[in-house]
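Commentary on secondary and tertiary structure
Chain by chain, the residues run as shown.
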Amino acid sequence: MSGKFLRVLDGEKFDVPPIWMMRQAGRYLPEYREVRAKAGGFVDLCLNPDLASEVTLQPIRRFGFDAAIIFSDILIVPYALGAKLWFEEGEGPRLAPVSDAATFRKLSDQLDGKITECVYEALARTKAALPKETALIGFCGAPWTVATYLIAGRGTEDQAPARLLAMQEPELFQKIIDRLVDASGEHLIGQIKAGADVVQIFDTWSGVLDPASFERWCVKPVAKIAGMVRAAVPNARMIVFPKGAPLNGIEAVAKQSSANAVGVDWIADRRECVVRFGDKFVTQGNLDPLALIAGGKALDEAVDAVLADFKGARHIFNLGHGIRKETPIAHVERMIARVRKN
Ligand code: CP3
């Protein structure tokens, strides 16, 4: 019998929802920082199956979450297509930008198996080491969000470089998106074959697009990826996370990709999610990561509000975005105890 996390995705409801956290393997944990230092760099850690599996398991050992998410990054897909990737300490990831026809031509149309195999190997090892009741999540970035990094070569405030390229050179932009669709679909299929029980598509920057652009660059590409995955693995479980999008947009992504679950950030109106999504899909979310830093009464009240609003609905408890590195571990423990009514 599978654990609670998969059972909710498959249609059951529980008084106490399953719980995990986006970015649960990360710098707020001393044991992560230790392994990260040993690995050399962030990219080296992503590509080391032993250590990637180890840091994936760390939050499971410490907190007993209902799901583990494989330690990797959404930028591994462009990296495996030949875009240079490195990590500026204290800043973040950097990619050699692909922002014109000439640099796009140099991008491969095949994922480099030497790179993706590291992720699949990490999944296989993690799967073998996880408790039976703990689900294993694979993931990729949505094409739009990955394109914002690929085009600018880094994270940007307002995703202006990608938005501008989509306006100035829509044909080239479509080619970039199509390339990312094919590669992401293949990568998700590879992760499921390697042992992922479910895959999540992160569209972190989907909230900056007008409705027509959202339809073209978020809804359609994610639906296409979902179609590829389902064609290869008909019963694949999928979670979509169009962060920051209005509920109409979120619903469109979930419906057109026949997702099992949809992630929402803390801005989402929870009661409205319950009304709209009903029993069609699970809602995953949506505690404000800052409530987890605040702790105390503010945290308790925020947790209780999430639980009360989703009471009786198909729900997976999570944050509305990744946990921040300054979050006290005691606050994570307090949140879990409150959700599980311990
Ligand atoms: O625990 C997990 O959630 C699994 C691993 C995971 C990472 N990145 C590890 C990571 C996942 C699912 C991601 C997804 C990811 N990566 C997204 C989508 C979700 C989101 O957070 O919006 C995005 C946009 C990226 C790209 C990326 N990677 C950025 C912008 C950064 C720098 C920001 C930061 O927090 O430093 C990264 C680096 C990164 N990815 C870290 C981790 C643990 C920090 C690296 C370190 O210094 O150890």
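Keep in mind the model is a prediction, meaning the values are calculated, not measured. (Residues numbered from 1 in each chain as written. Predicted model: local features only at pLDDT ≥ 70, side-chain atom pairs only at ≥ 80, totals over all residues. Heavy atoms only, no water.)

Some points on helix H16 (residues 329-339)
Considered for burial, the residues of H16 that qualify are Ile329, His331, Val332, Met335, Ile336 and Val339. Buried residues in H16, looked at end-on, bunch into an arc of 160°, giving them a common side. Of the surrounding elements, those touching the buried residues of H16 are helix H2 (30-39), helix H4 (49-63), strand S8 (282-287), helix H14 (289-294), helix H15 (296-309) and strand S9 (315-319). Where H16 ends, the next residue or the one after it, Lys341, has phi of about 55°, a positive value. (Buried < 20%, exposed > 50% of the residue type's maximum accessible area, 1.4 Å probe, protein only. Helix = DSSP H or I, 4+ residues; strand = E, 2+ residues; numbered from the N terminus. Arc of directions from axis to C-beta. Contact = heavy atoms within 4.5 Å.)

Description of unusual backbone geometry
Most peptide bonds are trans, and most residues other than glycine sit at a negative phi. Each neighbour pair has its own omega, and for Gly285 with Asn286 the value is -10°, a cis peptide bond. Along the chain, the position of Asn286 falls in strand S8. The backbone of Gln159 sits at a positive phi, close to 55°, despite the residue not being glycine. Secondary-structure assignment places Gln159 in the loop between helix H8 (143-152) and helix H9 (160-168).

Regarding the site of the ligand
Around the ligand there are 21 residues in total, and Arg23, Arg27, Tyr32, Arg36 and His321 lie nearest to it. Contact between the ligand and Thr204: an oxygen atom at 2.7 Å from a side-chain N or O atom of the residue. Here the ligand has 870 Å² of accessible area as a free molecule, and 90% of this is covered by the chains. Along the lines of polarity and charge, the residues of the shell around the ligand split into 13 nonpolar, four polar and four charged. (Near = heavy atom within 4 Å. Polar contact = N/O pair within 3.5 Å; in protein donor to acceptor, adjacent residues only side chain to side chain. Areas by Shrake-Rupley, 256 points an atom, 1.4 Å probe, with all protein chains shown as cover. Nonpolar A, V, L, I, M, F, W, Y, C, P; charged D, E, K, R; others polar.)

Looking at the environment of Ile239
Structurally, Ile239 can be placed in strand S6 (residues 238-242). Assessed through its relative accessible area of 0%, Ile239 is described here as buried. For the pair Ile239 and Asp304, spaced 65 residues apart in the sequence, the C-alpha separation amounts to 24 Å. Each residue touching Ile239, except ones within four places of it in the same chain, is listed here: Phe5, Val198, Val199, Gln200, Ile201, Ala261, Gly263 and Gln284.

So, the state of the cysteines
Within this structure, the stated rule accounts for zero disulfides. Here Cys46 is not disulfide-linked; the sulfur of Cys118 is the nearest cysteine sulfur, at 10.0 Å. Not part of a disulfide, Cys273 finds its nearest cysteine sulfur in Cys218, a span of 17 Å. (Disulfide = S-S within 2.5 Å.)

Some details on the pairing of strand S4 (residues 135-141)
Counting buried positions along S4 yields seven of seven residues, so the element is predominantly enclosed. Looking at chain direction, strand S1 (residues 67-69) and S4 are connected through three bridges and run parallel. When the bridges of S4 are listed, Ala67 appears paired with Ala135. Strand direction decides the pairing type here: S4 and strand S5 (residues 198-203), joined by five bridges, are parallel. If you follow Cys140 over to S5, its bridge partner there is Ile201. (Pairing = 2+ DSSP bridges.)

A look at the packing of aromatic side chains
Within this structure, the stated rule accounts for nine aromatic pairs. Considering the side-chain rings of Tyr32 and Phe71, the 5.6 Å spacing of their centres and the 50° angle between planes classify their relative orientation as tilted. With Tyr32 in helix H2 and Phe71 in the loop between S1 and helix H5 (76-80), the pair connects residues that are 39 residues apart, well separated along the chain. Classification of Phe71 as buried rests on a relative accessible area of 7%. Both rings, one in Phe42 and one in Phe71, keep their centres 5.9 Å apart while their planes meet at 80°; by these two values the pair is edge-to-face. Note that Phe42 is positioned in helix H3 (residues 42-46) and Phe71 in the loop between S1 and H5, a separation of 29 residues in sequence. Comparing Phe42 with Phe71 shows no difference in burial state: the two are buried. Taken together, the ring pairs connect Tyr32, Phe42, Phe71 and Phe87 into an aromatic cluster. (Phe/Tyr/Trp six-rings, centres within 6.5 Å; stacked < 30°, edge-to-face > 60°.)

Some remarks on the side chain of Asn318
Of note, Asn318 is situated in strand S9. A distance of 3.0 Å separates a polar atom in the side chain of Asn318 from the backbone nitrogen of Met22. In this view, Asn318 contacts Trp20, Met21, Met22, Gln284, Gly285, Asn286 and Leu287; residues no more than four positions away in its chain are not counted.

Any link to function would need more than the numbers given here.
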